[in-house]
Amino acid sequence: MLDVAIGIVFVFVLVGTVCSAIREIIEARLKTRAAYLEQGIRELLHDREGKGLARSFFNHPLIYSLYPGAYTGPGNNTNAVRPKVFASGGLLPSYIPARSFAMALLDIAAKGPVTDEVSSDPSAPALSLESVRASVAKLKNPPVQRALLAAIDSAQGDLDRARTNIEAWFDSSMDRVSGWYKRSTQWIIFTIALVLSVGLNIDTLAIADYLYRNDSAREAVVALAGNAEENGTRASVTYQYAATQLQSLSLPIGWSGNWRRPPQATDTWYEKTWSFTGPALGWLITAFAATLGAPFWFDLLNKMMVIRSTVKPHEKSREEGSEDRQPRVTHAAAPITVQAAPAAPPQPPTVRPYARDEDTDWDGCSAVQEHERERQHDATAMDDQLPPSRGGVA
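Residues numbered from 1 in each chain as written. Predicted model: local features only at pLDDT ≥ 70, side-chain atom pairs only at ≥ 80, totals over all residues. Heavy atoms only, no water.

Draft legend 1. View of helix 13 (residues 294-310). In a regular helix each residue adds 1.5 Å, so 17 residues correspond to 24 Å; helix 13 covers 24 Å between its end C-alpha atoms and thus fits that length. Turning to helix 13, its buried residues are Ala 294, Trp 297, Phe 298, Leu 301, Met 304 and Met 305. Taken around the axis of helix 13, the buried residues stretch over an arc of 125 degrees, which confines them to a single face. Turned more than 90 degrees off the buried face of helix 13, the exposed positions are Lys 303 and Thr 310. (Helix = DSSP H or I, 4+ residues; strand = E, 2+ residues; numbered from the N terminus. Expected span 1.5 Å × (residues − 1). Buried < 20%, exposed > 50% of the residue type's maximum accessible area, 1.4 Å probe, protein only. Arc of directions from axis to C-beta.)

Have a look at this one:
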């Protein structure tokens, strides 16, 4: 069962890697991450239409240098709660440092939104909390003005501390945007994984049944999983590696050699129903597993391989020793020298050394002649050589 689970997890690693790679290709084409960031900043600056403070922010030299082109606004997405799943970010930046956001906002509040000769004059007063407080009303954005005043008042006259407060405000808002993007990505990966599972017939239940019944295939998959765990990390499991491994696995993947038995006319209603619902359930399990991501399954694979290497089937219990009684040999103890006692004079051999009374010598079980004892090494005498027994049970 552990080997079957390792094989299933290894398949999930490969499928998750392929789905993540396809998702990254779509992201590189559409730049959806930039669209989510742009809408998050518009909501943070209370400028949904992107015609006021948000436009001044993206046109500020500290931000404008992070992307080519010019800021054109959100288009028709001004009233949307969040961007579409496949929204396009155009040429906008996919990442803005928190320090750049804080410095740009403080500079806009102190020197105005327009970059001209006056705001760029070297003889202009240096940026300070007093200049920001005196000019914050020029933003004409009461929510942002109040947020800036709160950051300034809590800084207690320290400009660096005020900037840190604004960075924390920006980071908390970006955590919310990251949640949007993560949920959107999960839905996209689920869709990709479901299409891939149905198209390639990656049925988790059929694969588990096949691995359970086929010893050679199970051992081969576990060996490949062990090599991936020993020779690579999560970053080394690339799309090319995953695609190659999926093709090389001798598993019921694809439609040419389907593992499931097709429905028969003699099948019961349960068997006929399961012939359709079974593959659908297996595809859904594969798709849901892919949404957890290849790193999650790779970490789980490492843990399972550690368990397998620690507790193997032949190591669960020690092998039983032979029933033959062997003398116990102690190697750790040091030899003990015992002074031999004076040899006693030889005594005549007794017929029964374990007899406790005189009656027990007459059962005849150990009555052997002396010459037979030397020749047969304590073997029991023949029946006709035994003396007559006395007593017994009536």
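Draft legend 2. Highlighting helix 1 (residues 2-30). End to end, helix 1 covers 42 Å across 29 residues, agreeing with the expected 42 Å (1.5 Å per residue, within 8%). A positive phi of about 55 degrees marks Lys 31, the residue just after helix 1.

Draft legend 3. How the structure looks around the packing of helix 2 (residues 32-44) against helix 8 (residues 159-200). Viewed as axis vectors pointing N to C, helix 2 and helix 8 meet at an angle of 140 degrees, and their least axial separation amounts to 10 Å. For the element pair helix 2 / helix 8, the angle class is oblique. Like other packed secondary-structure pairs, helix 2 and helix 8 cross with a definite hand, here right-handed. Across the interface between the two elements, Thr 32, Arg 33, Tyr 36, Leu 37, Gln 39, Gly 40, Ile 41, Glu 43 and Leu 44 from helix 2 touch Trp 169, Phe 170, Ser 173, Met 174, Arg 176, Val 177, Trp 180, Tyr 181 and Ser 184 from helix 8. In terms of residue class, the contact of helix 2 with helix 8 is built from 10 nonpolar, 5 polar and 3 charged. (Axes fitted to C-alpha atoms, helices over the stretch in contact; angles between N-to-C directions. Parallel < 35°, antiparallel > 145°, perpendicular 65-115°, else oblique. Left-handed = near helix turned anticlockwise from the far one by under 90°. Contact = heavy atoms within 4.5 Å. Nonpolar A, V, L, I, M, F, W, Y, C, P; charged D, E, K, R; others polar.)

Draft legend 4. The packing of aromatic side chains, seen in detail. Counted by the stated rule, this structure contains 11 aromatic pairs. Centre to centre, the rings of Phe 101 and Phe 170 are 4.5 Å apart; their planes meet at 25 degrees, and the pair counts as stacked. With a gap of 69 residues between them, Phe 101 in helix 5 (residues 98-111) and Phe 170 in helix 8 connect regions that are remote in the sequence. Residues Phe 101 and Phe 170 agree in their burial class; the two are buried. (Phe/Tyr/Trp six-rings, centres within 6.5 Å; stacked < 30°, edge-to-face > 60°.)

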